[in-house]
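Single-letter residue listing:
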Amino acid sequence: MTTALRESTLQTLGLGNVIEIFRRGQLPVDSGGLVDQVFGNSGNRSAMVISGANGIVGAGKTAQLGSRLQQYDIPIVALDFPAAPDGIGRQYPGLLRAFGPERANKIMGNVIRMHYDGKTLPRELHQLRPSFLLEAIPEILEIKRTHYAVFREAFPSIEIRSVTSGFPRSELGVGIAHPAFPHEINKLWEIVEPEPSAVTQLLWSLGLIPVPVSDNWSFILDVLFCGITLAALRYHHASNMPVWKIDKYVRKLVGPNPLRAHDAIGAAGANFLTWSCLHHLSQRYGDVFEPAAELVRQKDSGQNWYPFNHFRPLVDWRLEPDEMDEFRTWILGPLFHMTSLMLHEKRGHLSHMNAIGELCAQFRRGVIAMARDLGTEEVVKTVTAYHKLHPEAANSSWHPDAYAGMDAPEWQQLYVNAEHDGTVGVITISRESYSSRVDAELNRAIDWLKDEGLDRVIVTGDFHLSTQMIGADTSEFYPALDDVDAGAKVSAEWSRTARRLNDDFRISVGFVNGKRCLGGMLELMMHCHYLVAVEGADLGMPEVSLPVVPGMEGCHWMFRRSRPEHWSKALYLLLSGTAVEAEKTLGWLLDYSGPMGEALQVVWKIASGGDHGLQQRPLAAGALTGVPSEVSGLTAPDGELAADARKAIMDTVQQSCSAALTDALAVQTRHSAEFMISKACRNGQIGAEFQKTMAL
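Rules and cut-offs
Residues numbered from 1 in each chain as written. Predicted model: local features only at pLDDT ≥ 70, side-chain atom pairs only at ≥ 80, totals over all residues. Heavy atoms only, no water. Helix = DSSP H or I, 4+ residues; strand = E, 2+ residues; numbered from the N terminus. Polar contact = N/O pair within 3.5 Å; in protein donor to acceptor, adjacent residues only side chain to side chain. Contact = heavy atoms within 4.5 Å. 1 Å grid on protein atoms, 1.4 Å probe; cavity = no way out; pocket = protein on both sides within 12 Å on 5 of 7 lines; lining within 4 Å. Points joined across faces, edges and corners; volume = space filled by probe spheres on them. Nonpolar A, V, L, I, M, F, W, Y, C, P; charged D, E, K, R; others polar. Domains from an automatic or database assignment. Salt bridge = Lys/Arg side-chain N within 4 Å of Asp/Glu carboxyl O. Buried < 20%, exposed > 50% of the residue type's maximum accessible area, 1.4 Å probe, protein only.

Visitor: Is there a simple way to explain the side chain of Arg161 in this structure?
Guide: Along the polypeptide, Arg161 turns up in strand 6 (residues 159-162). For Arg161, the side chain forms a polar contact with the side chain of Glu193, separated by 3.2 Å. If sequence neighbours within four positions are ignored, Arg161 has contacts with Phe132, Leu133, Leu134, Glu135, Gly175, Ile176, Ala177, Glu193, Ser197 and Val199.

Visitor: I would appreciate a short explanation of the layout of surface pockets in the present structure.
Guide: In this approach, a probe sized like a water molecule rolls over the atoms, and the result shows the empty space that is left. Of the volumes computed, that of the second largest pocket is approximately 1300 Å³. What lines the second largest pocket is a set of 49 residues, and nearest its centre among them are Ile56, Val57, His183, Gly269 and Leu273. Among the elements of the structure, helix 3 (56-69), strand 3 (76-80), helix 6 (141-154), strand 7 (175-179), helix 9 (220-239), helix 11 (258-265) and helix 12 (267-285) are those that each provide at least two residues to the lining of the second largest pocket. For the lining of the second largest pocket, the class distribution of residues is 29 nonpolar, 16 polar and 4 charged. Among the domains, domain 1 (45-212) and domain 2 (220-409) are the pair contributing at least three residues each to the lining of the second largest pocket.

Visitor: Just checking my understanding: could you explain the pattern of salt bridges for this structure?
Guide: A pair can form between side chains of opposite charge whenever their charged atoms are brought close. Here the structure, examined in full by the defined rule, presents 28 salt bridges. Between Arg23 and Asp421 there is a salt bridge, with its nearest N and O atoms 3.3 Å apart. In this pair, Arg23 sits in helix 1 (residues 18-24) while Asp421 sits in the loop between strand 10 (416-420) and strand 11 (425-429), placing the two residues 398 residues apart along the sequence. What makes Arg23 partly exposed here is its relative accessible area of 35%. Between Asp591 and Arg617 there is a salt bridge, with its nearest N and O atoms 2.9 Å apart. Of this pair, Asp591 sits in the loop between strand 19 (580-581) and strand 20 (592-594) while Arg617 is found in the loop between helix 24 (596-608) and helix 25 (640-657), placing the two residues 26 residues apart along the sequence. The class for Asp591 is buried, based on a relative accessible area of 13%.

Visitor: What exactly am I supposed to notice about unusual backbone geometry here?
Guide: A negative phi angle characterises most non-glycine residues, just as the trans form characterises most peptide bonds. Cis rather than trans, the peptide bond between Phe181 and Pro182 has omega equal to -5 degrees. Among the structural elements, Pro182 can be located in the loop between strand 7 and strand 8 (188-192). With an omega of -15 degrees, the peptide bond running from Leu546 to Pro547 counts as cis. By the secondary structure assignment, Pro547 is in the loop between strand 18 (538-540) and helix 22 (557-560).

Below, the structure written as structure tokens:
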């Protein structure tokens, strides 16, 4: 029997708990079997049709799905009007960069372009026997319904999914697969269907991120993104502040540039979609969603929010503290109000709702995490203050009770979950970048497993929301750029958490199940007694390129867990910033690398006490001698910043390795914190991001 801290998001896809994946030694479903189920057996495949294929969404999904389905010989039919601009052709350079000319040409060669008049399907389509239609035509309900009727008449058993931004399944009469922007890159799809289907599980098996949501008007991403856009425009109306400056402050407060994003997407289409979403929401839920007059005007004109080659004043001004408080109320108030409606309607798993804000709407913290951090009282206070500024919204679908119960695991464990079967525990991390909130949740998950009596643990990604582990959330370092104590606090606290994986369990196994594990995430995972990765995963320490000094003991832990003949490899990893394939790090970073199924089986044998045949690498607790002070094969540093970073990392390696393990954490913490306040760090990528985002 499996006991879980909270429901696994995999369960919402009908794929069970994560611990079952390790126990079985295989993933719950495989792409080949699902392809057969949806498109027929090899040699007799039916086609997939994407209608509206030359539009932004249709063309992006043609490239994304086409690149994944080409190997299975599934024809991709791109259907659109004859006069539609060539959106598919514009996808080719991206495919070329990602896959090279040979593979890009195969992907494009598998796309069959067809034209129609909107009423009659091409005769040639019948020969391809399509079994799946992804509809991406304009957001006009009757046109969509007619479109489905045409397809169902010709192909009665065809599966249909709409990419609609606003209409619910109950209105459309078909399932929904609503993809996030940018459509060629973002992997997340909001899914509306009665039960998890083979189509949805196929998306998951192909490396995409399907997220089940409830059948309500508009979807979580659109409520969040259209909502933040509307909030910005209401402040613009109230203050007459120019939109470029509002975008700057929204970015500082929350993360995205909503108005600039509309221009980047294509103002004419994006303005209409935002207006349409808010218009329908306001009809159902009230004035909190009522489109601002400025949005109606831009929707009708199709104009950009930022004039072309617009001039931003050289003389800028800052908001005073009381003005900033009012701005915060104008932005967060409606955001929390709208989110209360989604919580009240139970639109999705809280981790899903939070992840959609981060992965899709570009929030630095998801709205659920923001609300949790403030607490119920402060959230209600913020919305109440907003209602004084916008009284029409006060009685409009506001559900303060939805923010009750924040002490529950569903609220407290948004990023980290834990499961166990009474013998082995599994900790899953669903965020791609490590942050203080992930750190706090990881500690709670460890505490829970310890309280449950577990002394064996597997640490891994969640096999769902996190398809990779890219390192530390660099926005966490902003306070450390001018406060050495802030940098020391982050480095010391995160390192102490990582050490718990070594100290608090009899056996701990880290498993890299995604395509890469970098930086702080790799430092975390290397604290496990054993480290296993799926073959082909990239492992690296890119801190030198930011530049920062690794702060979670990466400058000495690798050396303490490996033999002297491997130390030059560890040093190269740190000083080059270049990722290496997992299988090339065996013996000094990894203990095993192999195909997914074999790797899962090895992890379970180690964790459960089976016969795995691996020898645990010891951790040297004393001072190390003979650590190289130089490494061959490095290219010359690319400028002064890189040179300073290499020197700082080398100094940290030498001093932390020459200290005993009990003292090394303090040594590395000091070096990491002191480098963050240096000119090199402040003038690097993190300093530039801080200036762009926070220094207003």
